[in-house]
Amino acid sequence: MSRYINESDPKIVAEQALEWVMKETLSADDITTLSSETLDAFYHHVNPGFLEYRKSVTSGGSYAAIEWRANGPNTLLDIHGNEYLDCLGGYGIFSVGHRNPVVLAAVEMQLKKQPLHSQELLDPLRALLAKVLAKITPGDLKYSFFGNSGTESIEAALKLAKAYQSPHGKFSFIATHGAFHGKSLGSLSATAKPAFREPFMPLLPGFHHVEFGDIAAMKQQVKQCQQNGEGIAAIILEPIQGEGGVIIPPDSYLPEVRALCDDIGALLILDEVQTGMGRTGKMFACEHYHVQPDILCLAKALGGGVMPISATVATEKVFSVLFDNPFIHTTTFGGNPLACAAALATIHVLLSEKLPEKAAINGTFLLNGLKKISAKYPNLIVAVRGMGLLQAIEFNKNETGYAFASEMFREKILVAGTLNNAKSVRIEPPLTITKQQCEHVLSVVEKVLAKLA
Ligand SMILES: *Cc1c(COP(=O)(O)O)cnc(C)c1O
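Residues numbered from 1 in each chain as written. Predicted model: local features only at pLDDT ≥ 70, side-chain atom pairs only at ≥ 80, totals over all residues. Heavy atoms only, no water.

## With respect to the pairing of strand 15 (residues 421-427)
For a regular strand, side-chain orientation follows a simple rule: the groups alternate between the two sheet faces.
Okay, step 1: Counting buried positions over the seven residues of strand 15 gives five, a clear majority of the element.
Okay, step 2: Note that strand 12 (residues 390-395) and strand 15 share four bridges and pair antiparallel. Within strand 15, the position partnered with Ile393 by the bridge is Val425.
Okay, step 3: Inspection of the sheet shows strand 14 (residues 416-418) paired to strand 15 by three bridges, in the antiparallel sense. The residue of strand 15 that forms the bridge with Thr418 is Asn421. (Buried < 20%, exposed > 50% of the residue type's maximum accessible area, 1.4 Å probe, protein only. Helix = DSSP H or I, 4+ residues; strand = E, 2+ residues; numbered from the N terminus. Pairing = 2+ DSSP bridges.)

If you want it as structure tokens, here you go:
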């Protein structure tokens, strides 16, 4: 392959890039070229800031590791052939493992027949996925709108809540500190991290944030709104905050928020983009608390780590605001046949392999192990917490969190900080992780902590 850093003809650059796609393996020369090409193009055409950021968790700090392929269900390979145990799971997208064969087979077959829908004829897989979601989601959640990302599922939820509540004169939303709901302008209005919000102010009007897990603070905010004549359209929450640092609320919190919503006629939107699809040891985290939302948001693991897809599932009462004119909220690629095939296969795998139950069992094993080890390092570690296979170690300061992630990377285990809380390093492997792999993680954590101390 002639090498293309200085290549000016875009047709040739595209051609050479396609050669990488078509290659199964890399020669030593390929490795050098692909490294320098990737770094150069990231620097000049993606965002040089990313390279600086990734440096902090790559060995030697010299240059970023470059991924090449998924290997086993729970491991991946970089271009040098290093194998990493994935304890990050793409922030929760690889729940059924990398390249799950059932998901791949469904997507490959659908790819041969019809990858994307005509937009005019009725697409069967969208209908069947909506039906399956109605059956696996709690209570009377019944209708689904499909998009392509978590943030889109939140946009749809906010718009549904607005459309439903505006005739009742209710326009405000309550969200929580530390919340992460995505970064498009609507969902960002509910997200709580100052650094993500400040450059884009003002965001949507009528959003209030209160302490997560504190029902009294929530009631206080409701009272304040009522005193100002502000009706609450909806309360939006993650049942367990993911990017906030894996924050688990008191057991009574979700049921109390549900009761408060019912009291004041507000809708409850639960963002299970990260906690859904078995991650916490039940299919949906709200099932731990026996709470049913009016609107449930799903994405990340829904596409089985193969296709992007999101769903906004609502009760008939709420969703019916879209019945008269289904075109008031649409998106071209949402619910496409490839994505729906992936999601149907994913749900089938989750149910038939009992992955939520496995997440509960291996999650408890891993969490207990982490708690035991971390108890020896009270100067480094503030807390270890989690539910199922959504776990975090909270360090005394950001620097320790970075150093830990970086040392784990050197030991070929992928972990990373949470977006809203750099002190907390998340452990979020595929739900297919084995007990032996959990044992390996524990022994490496023990080694790394000893080194850091
Ligand atoms: C990741 C995440 C989102 C945003 O999803 P994207 O696909 O990145 O837009 C929203 N909510 C929660 C809880 C998430 O973890």
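## Comments concerning the packing of aromatic side chains
Any aromatic ring pair is given by two values, namely how distant the centres are and how the planes are angled relative to each other.
Okay, step 1: Taken as a whole and judged by the stated rule, the model has nine aromatic pairs.
Okay, step 2: Aromatic side chains Phe319 and Phe323 sit 6.5 Å apart centroid to centroid with 55° between the ring planes, which places their arrangement in the tilted category.
Okay, step 3: An aromatic cluster is defined as three or more aromatic residues linked by ring pairs; in this entry it consists of Tyr143, Phe319 and Phe323.
Okay, step 4: Sitting over the face of the ring of Phe196, Lys193 holds its NZ or CZ atom 4.9 Å from the ring centroid. (Phe/Tyr/Trp six-rings, centres within 6.5 Å; stacked < 30°, edge-to-face > 60°. Lys NZ or Arg CZ within 6 Å of the ring centre and 35° of its normal.)

## Thoughts on the packing of helix 10 (residues 215-227) against helix 11 (residues 253-264)
Okay, step 1: In contact at an axis separation of 10 Å, helix 10 and helix 11 are set at 15° when each is read in the N-to-C sense. Between helix 10 and helix 11, the crossing angle belongs to the class labelled roughly parallel. Handedness of the crossing formed by helix 10 with helix 11: right-handed. In this structure, helix 10 contributes Ile215, Met218, Lys219, Val222 and Gln226 to the contact, and helix 11 contributes Tyr253, Glu256, Val257, Leu260 and Ile264. (Axes fitted to C-alpha atoms, helices over the stretch in contact; angles between N-to-C directions. Parallel < 35°, antiparallel > 145°, perpendicular 65-115°, else oblique. Left-handed = near helix turned anticlockwise from the far one by under 90°. Contact = heavy atoms within 4.5 Å.)

## Thoughts on the sheet that holds strand 11 (residues 381-387)
Within a beta sheet, neighbouring strands are joined by backbone hydrogen bonds and run either parallel or antiparallel to one another.
Okay, step 1: Read from one edge of the open sheet, four strands run 11-12-15-14, paired in antiparallel fashion. Two strands in the sheet have a free side with no partner beyond their single neighbour: strand 11 and strand 14. Taking each pair of neighbouring strands and ignoring which way they run, the sheet shows an average axis angle of 35°.
Okay, step 2: Contacting strand 11, strand 12 and strand 15, helix 14 (residues 355-374) runs over the sheet at an angle of about 170° to strand 11.
Okay, step 3: Against the sheet, helix 15 (residues 398-410) contacts strand 12 and strand 15, and its axis sits at roughly 30° relative to strand 15.

## What to know about the site of the ligand
Okay, step 1: Lining the immediate environment of the ligand, one finds Ser149, Gly150, Thr151, Phe180, His181, Gly182, Glu238, Asp271, Val273, Gln274 and Lys300.
Okay, step 2: Here an oxygen atom of the ligand and a side-chain polar atom of Gln274 are 2.8 Å apart.
Okay, step 3: Lys300 places a polar side-chain atom, nitrogen or oxygen, 2.7 Å from an oxygen atom of the ligand.
Okay, step 4: In isolation the ligand has 380 Å² of accessible area, and contact with the protein removes 81% of it.
Okay, step 5: Of the residues contributing to the shell around the ligand, the split by class is two nonpolar, six polar and three charged. (Near = heavy atom within 4 Å. Polar contact = N/O pair within 3.5 Å; in protein donor to acceptor, adjacent residues only side chain to side chain. Areas by Shrake-Rupley, 256 points an atom, 1.4 Å probe, with all protein chains shown as cover. Nonpolar A, V, L, I, M, F, W, Y, C, P; charged D, E, K, R; others polar.)

## As for the state of the cysteines
Okay, step 1: A full pass over the atoms with the stated rule returns zero disulfides.
Okay, step 2: Take Cys225: it sits in no disulfide, and the sulfur closest to it among the cysteines is that of Cys261, at 12 Å.
Okay, step 3: According to the relative accessible area criterion, Cys225 is buried, its value standing at 1%.
Okay, step 4: The thiol of Cys286 is not disulfide-bonded; the next cysteine sulfur, from Cys297, is found 11 Å away. (Disulfide = S-S within 2.5 Å.)

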